[in-house]
Amino acid sequence: MLIPVRCFSCGKVLAPLYPKFLELVKSGKSPEEAFNELGIDRYCCRRTILAHVDLYKDLLPFGGTLNRPERLKKLVQRYFEGKK
Ligand SMILES: [Zn+2]
């Protein structure tokens, strides 16, 4: 899902740091170097970012289908056909 706005344990605001963290890691830095550069010192905050899995792009096609089961069924079929 979306990155939690705050660390679950200490409450530090993490959401604005997550894209910067991804950018640093993509540029070739290790996660530890990225954490140090962004000032994320606590293990709880590091855990929150490292354990996060972005799933929102997978779920976006299913938005707005709660009241239209036939559309949901079609989307689910199309989604799983694309995954094979
Ligand atoms: Zn924390």
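Every value quoted in this text rests on a predicted model; they were computed, and no experiment measured them. (Residues numbered from 1 in each chain as written. Predicted model: local features only at pLDDT ≥ 70, side-chain atom pairs only at ≥ 80, totals over all residues.)

## Here we look at the overall build of the protein
Here is step 1: Helix and strand counts for the protein come out as five helices and zero strands.
Here is step 2: The C-alpha atoms of the protein give 17 Å as radius of gyration, which overshoots the globular expectation for 84 residues (12 Å, by more than 25%).
Here is step 3: Per-residue burial for the protein yields a buried fraction of 10% across its 84 residues. (Helix = DSSP H or I, 4+ residues; strand = E, 2+ residues; numbered from the N terminus. Rg over C-alpha atoms; globule rule 2.2 N^0.38 Å. Buried ≥ 20, exposed ≤ 12 C-beta atoms within 10 Å, placed from the backbone.)

## Focus: the confidence of the model for the protein
Here is step 1: Looking at the protein as a whole, its pLDDT mean stands at 87, while 93% of the residues score no less than 70.
Here is step 2: Taken element by element, the protein is modelled with least confidence in helix α4 (residues 56-59), mean pLDDT 77, and with most confidence in helix α2 (residues 31-38), mean pLDDT 96. (pLDDT = per-residue confidence, 0-100.)

## As for the nonpolar core
Here is step 1: Counting residues in hydrophobic clusters, the biggest one holds seven residues: Leu14, Phe21, Ala34, Phe35, Ile40, Cys45 and Ile49.
Here is step 2: Those elements that place two or more of their residues in this core are α2 and α3 (43-50).
Here is step 3: Ignoring anything within four residues of it in the chain, the contact list for phenylalanine 21 reads Ala34, Leu38 and Ile49. (Core = buried A, V, L, I, M, F, W, Y, C linked by C-beta atoms within 7 Å. Contact = placed C-beta atoms within 7 Å.)

## With respect to the domain arrangement of the protein
Here is step 1: The domains assigned to the protein are domain 1 (1-53) and domain 2 (55-84).
Here is step 2: Using only C-alpha atoms to locate each centre, domain 1 and domain 2 end up separated by 30 Å. (Domains from an automatic or database assignment.)

## With respect to the packing of helix α1 (residues 17-26) against α2
Here is step 1: Two elements in contact, α1 and α2, have axes whose closest approach is 9 Å; the angle formed by their N-to-C orientations is 135 degrees. Put simply, α1 runs oblique to α2. Considering only the axes of α1 and α2, their crossing is right-handed. Across the interface between the two elements, Leu17, Lys20, Phe21, Leu24 and Val25 from α1 touch Pro31, Ala34, Glu37 and Leu38 from α2. (Axes fitted to C-alpha atoms, helices over the stretch in contact; angles between N-to-C directions. Parallel < 35°, antiparallel > 145°, perpendicular 65-115°, else oblique. Left-handed = near helix turned anticlockwise from the far one by under 90°.)

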